[in-house]
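Here's the letter readout for the chains.
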Amino acid sequence: MRGRVLAPGRPAVMAVVNRTPDSFYPAARSADDESALRAVEQAVQDGADLVDIGGVRAGRGAAVEVAEEVDRVLPVVMAVRAAFRDLPISVDTWRAEVAQEVVVAGADLLNDTWAGHDPRLVEVAGRHGVGVVCSHTGGLAPRTDPLRPVYPAGPRAEDPLDGVLEDVLATVGAGAARAVAAGVDPASVLVDPTHDFGKNTWHSVHLTRRTERLVALGHPVLMALSRKDFVGESLDLPVEERLEGTLAATAVAAWQGAAVFRTHDVRPTRRLVEMVAVLRGDLPPARAVRGLV
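To keep things clear, this report deals only with the structure shown in the data block. Keep in mind that what you see is a predicted model, and the values were worked out from it rather than measured. (Residues numbered from 1 in each chain as written. Predicted model: local features only at pLDDT ≥ 70, side-chain atom pairs only at ≥ 80, totals over all residues. Heavy atoms only, no water.)

## As for the overall build of the chain
- Secondary structure summary: the chain contains 10 helices and eight strands in total.
- Summarising its shape, the C-alpha atoms of the chain cover approximately 60 × 55 × 40 Å along the three principal directions.
- Looking at the 293 residues of the chain, the share that counts as buried comes to 52%.
- Taking contacts inside the chain between residues at least 6 apart in sequence as the whole, the part at least 24 apart equals 70%.
- Of the roughly 13,400 Å² of accessible surface on the chain, 54% is carried by carbon and sulfur atoms.
- Side-chain charges of the chain comprise 32 positive and 39 negative groups, with the mean position of each set lying 3 Å from the other. (Helix = DSSP H or I, 4+ residues; strand = E, 2+ residues; numbered from the N terminus. Buried < 20%, exposed > 50% of the residue type's maximum accessible area, 1.4 Å probe, protein only. Contact = heavy atoms within 4.5 Å. Areas by Shrake-Rupley, 256 points an atom, 1.4 Å probe, with all protein chains shown as cover. Lys, Arg positive; Asp, Glu negative; His and termini not counted. Charge placed at Lys NZ, Arg CZ, Asp CG, Glu CD.)

Below, the structure is given as structure tokens:
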């Protein structure tokens, strides 16, 4: 991503920075540019490897036109790039017009959470040499919610829920191929099963169990699990109480090789992925003196 690389040996931690007044998690809302920059500063202090700046709530809400989205995210991207020269910056948008503005201002990654709804976005990524996230929404239009989504399993499926896995693999695989064809470096093409988008809770749980199948595609896997509804429904908890469930899902996905975790809770996520990396043998313990001194 424009020469900016992530730390080897463990999954990267992507901090959520919402430049929105209506994020589903109130604690993550930044109502103005100054508070968004403070959120970035805190995330970096807590150990974030990169930040993901968004200007539109993913779910239903007040309409946000292109110009307003640009007004929300562009000043933040510019301020973050000025303050943190080497920090990779991602912008959560599905619009090519927004993508064009933010990559010129210094963004390194376009997090297209709506699965190529605007086919021009990947062309922006290829033209400017930035990364892109290829996602899966089951065909939903931006900012719409699923209603009884069904993914029939193929005849060779081991589990009836493998239908959603097959659909995700086909969709993100095709998206990744198109990104590479558009000129995006394959190492900068991330794939995201996109939990909850176009899915029910059973689907999202199953995709977490099958993380290794996504990893086998050969592109870095991004997991956006943080405080989502599948965690809340699994434990019957409101968004404010979903940290432990999120961390459990993160551990499962990290053990299977997911590369990037988008989170509202940087410090505990950073510690968790480092511990999983030590348990996997990818990192040595930071300090190992017990029984030696």
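## Details of the side chain of T269
- Here T269 is to be found in helix α10 (residues 266-280).
- A distance of 3.1 Å separates polar atoms of two side chains, one belonging to T269 and the other to T263.
- A distance of 2.7 Å separates a polar side-chain atom of T269 from the backbone oxygen of D265.
- Setting aside anything within four residues of it in sequence, one finds T269 in contact with V13, L247, T250, F261 and T263. (Polar contact = N/O pair within 3.5 Å; in protein donor to acceptor, adjacent residues only side chain to side chain.)

## A few points about the pairing of strand β8 (residues 260-263)
- With burial as the criterion, each face of β8 is covered, one bearing V260 and R262 and the other bearing F261 and T263.
- Bridge count between strand β1 (residues 12-18) and β8: four bridges; the pairing is parallel. Looking at the pairing, M14 lines up with R262 of β8.
- Where strand β7 (residues 222-224) and β8 come together, three bridges link them in parallel fashion. Looking across to β8, one finds that A224 is bridged to R262. (Pairing = 2+ DSSP bridges.)

## What about the pairing of strand β5 (residues 131-134)?
- Burial of β5 is two-sided: the residues G131 and V133 facing one way and the residues V132 and C134 facing the other way are all buried.
- Running through helix α4 (residues 120-128), the crossover from strand β4 (residues 109-111) to the neighbouring parallel element β5 is right-handed.
- Where β5 lies against strand β6 (residues 189-191), three bridges are found, and the strand directions are parallel. Looking at the pairing, V133 lines up with L190 of β6.
- At this point the chain moves from β5, through helix α5 (residues 162-181), to the parallel β6, and the crossover so formed is right-handed. (Right-handed = clockwise from strand over helix to strand, strands pointing away.)

## Some remarks on helix α1 (residues 33-46)
- Counted at 1.5 Å a residue, the expected span for α1 with its 14 residues is 20 Å, and the 20 Å between its end C-alpha atoms agrees.
- Within the sequence span of α1, burial applies to S35, A36, V40, A43 and D46. End-on, the buried residues of α1 take up no more than an arc of 145°, which puts them together on one face. Facing away from the buried side of α1 by more than 90 degrees, the exposed set consists of E34 and Q45. (Expected span 1.5 Å × (residues − 1). Arc of directions from axis to C-beta.)

## Some remarks on the side chain of D112
- With respect to the helices and strands, the residue D112 is situated in the loop between β4 and α4.
- Within the buried core, D112 has no salt-bridge partner, and the shortest N-O distance to an opposite charge, that of R178, equals 7.7 Å.
- Separated by 2.8 Å, the side chain of D112 and the backbone nitrogen of G116 make a polar contact.
- Aside from chain neighbours lying at most four places away, what touches D112 is T93, W94, H117, L121, V133 and S135. (Salt bridge = Lys/Arg side-chain N within 4 Å of Asp/Glu carboxyl O.)

## Observations concerning the nonpolar core
- The biggest cluster of nonpolar side chains holds 62 residues, and the ones touching the most others in it are I53, V102, L110 and V132.
- Examining the composition of this core, we find that seven residues originate from one element, α5, more than from any other.
- Look past the residues within four positions of V102 in its chain and what remains in contact with it is V73, L74, V77, V91, A107 and L110.
- Residues M14, L109, L222 and V260 belong to the second largest nonpolar core, which totals eight residues. (Core = buried A, V, L, I, M, F, W, Y, C linked by side-chain atoms within 4.5 Å.)

## Here we look at the packing of helix α9 (residues 243-255) against α10
- Look at α9 against α10: their axes get within 10 Å of each other, and the N-to-C directions meet at 30°. By crossing handedness, the relation of α9 to α10 is classed as right-handed. Facing L243, L247, T250, A251, A254 and W255 of α9, the residues of α10 in contact are P268, T269, L272, V273, V276, L279 and R280.
- Looking at the contact of α9 with α10 residue by residue, the classes come out as 10 nonpolar, two polar and one charged. (Axes fitted to C-alpha atoms, helices over the stretch in contact; angles between N-to-C directions. Left-handed = near helix turned anticlockwise from the far one by under 90°. Nonpolar A, V, L, I, M, F, W, Y, C, P; charged D, E, K, R; others polar.)

## What to know about the layout of surface pockets
- Here the largest pocket is characterised by a volume of approximately 800 Å³.
- Considering the residues around the largest pocket, the lining is formed by 37 residues, among which F24, A58, G59, F197 and K228 are closest to the centre.
- Secondary structure elements with two or more residues in the lining of the largest pocket: β1, β7 and α8 (229-235).
- Of the residues that constitute the lining of the largest pocket, the class distribution is 11 nonpolar, 15 polar and 11 charged. (1 Å grid on protein atoms, 1.4 Å probe; cavity = no way out; pocket = protein on both sides within 12 Å on 5 of 7 lines; lining within 4 Å. Points joined across faces, edges and corners; volume = space filled by probe spheres on them.)

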